[in-house]
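# Analysis of the macromolecular model
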Amino acid sequence: MKLIATDQDGKRHELDALDGWQAMEIIRDFGLPIKAECGGACCCATCHVFVDPKWVERLVPPSLDEADMLADLPDSNETSRLSCQIIMNDELDGLEVTLAESARP
């Protein structure tokens with residue numbers, strides 16, 4: 001299974017993903033520039049990503065907590081998600097995300 005992550009400098013990375021792992025964990029473990037300060041607890045919004053529009057409808061909709069956190073980010077848009085809330089599974093093989101500038105360490 002793959003997760004395609006484009007970093008803030010526009011470099012595309014094809015990452016090996018594991019079923020049941022948060023996209024944030026995969027991005028962080030491959031050493032890409034993502035703060036992920038809370039470690040996946042959905043309480044800091046420092047793992048903000050933009051999901052490629054063709055994948056948005058395949059994701060579980062954001063919870064109210066996630067939506068509230070995204071609304072407070074200066075660079076959020078309609079494809080914004082917290083990568084800690086994206087749980088990888090076979091249906092998301094090939095998911096494409098771009099790391100937000102607000103997630104840069």
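For the structure itself, consult the block above.
Quick look at the structure, then. (Residues numbered from 1 in each chain as written. Predicted model: local features only at pLDDT ≥ 70, side-chain atom pairs only at ≥ 80, totals over all residues. Heavy atoms only, no water.)

### Description of the sheet that holds strand 5 (residues 95-99)
Let me state the cut-off plainly: The rule for pairing is simple: two strands pair if DSSP sees at least two bridges between them. Numbered from the N terminus, helices here are DSSP runs of H or I no shorter than four residues, and strands are runs of E no shorter than two. What counts as an axis is a line fitted to C-alpha atoms, over the stretch in contact for a helix, and the angles between N-to-C directions run from 0 to 180 degrees.
Across the sheet, which stays open at both edges, the five strands sit in the order 2-1-5-3-4 with mixed pairing between neighbours. Since the sheet does not close on itself, it has two edges, and those belong to strand 2 (12-16) and strand 4 (80-82), each with one partner. Along the sheet, successive strands turn relative to each other by an average axial angle of 35°, direction set aside. Where strand 1 (residues 2-6) and strand 5 come together, four bridges link them in parallel fashion. Across the sheet, residue A5 finds its bridge partner in strand 5, namely V97.

### As for the nonpolar core
Here is the rule we go by: The criterion is simple. A nonpolar core is a set of buried Ala, Val, Leu, Ile, Met, Phe, Trp, Tyr and Cys residues joined through side-chain atoms within 4.5 Å. Three labels apply to residues, based on accessible area from a 1.4 Å probe with only protein chains included: buried if under 20% of the type maximum, exposed if over 50%, partly exposed otherwise in between. Contacts between residues were defined by any pair of non-hydrogen atoms, one from each residue, lying within 4.5 Å.
The biggest cluster of nonpolar side chains holds 30 residues, and the ones touching the most others in it are L3, I27 and L95. Counting only elements with at least two residues in this core, the list comes to strand 1, helix 1 (23-29), strand 3 (48-51), helix 3 (64-71) and strand 5. Per-element tally for this core: the top contributor is helix 1, with four residues. Once you skip the residues sitting within four places of it in the chain, L95 turns out to touch K2, L3, I4, V51, W55, L59, I86 and M88.

### Things to note about the pattern of salt bridges
Here is the rule we go by: For salt bridges, the criterion is a side-chain nitrogen of Lys or Arg within 4 Å of an Asp or Glu carboxyl oxygen.
Across all of its chains, the model carries eight salt bridges by this definition. Between D16 and K2 there is a salt bridge whose closest N-O contact spans 2.3 Å. Here D16, found in strand 2, pairs with K2, found in strand 1; they are 14 residues apart in sequence, far enough to count as distant. Take D16: its relative accessible area is 47%, and that puts it in the partly exposed class. On the basis of relative accessible area, K2 is assigned to the partly exposed category, the value being 27%. Note that D9 is salt-bridged to R104, the shortest N-O span being 3.2 Å.

### Overview of the environment of A36
Tracing the backbone shows A36 in the loop between helix 1 and strand 3. On the accessibility criterion, A36 (9% relative accessible area) is buried. Discounting residues that sit within four places of it in the chain, A36 has contacts with M24, T46 and C47.

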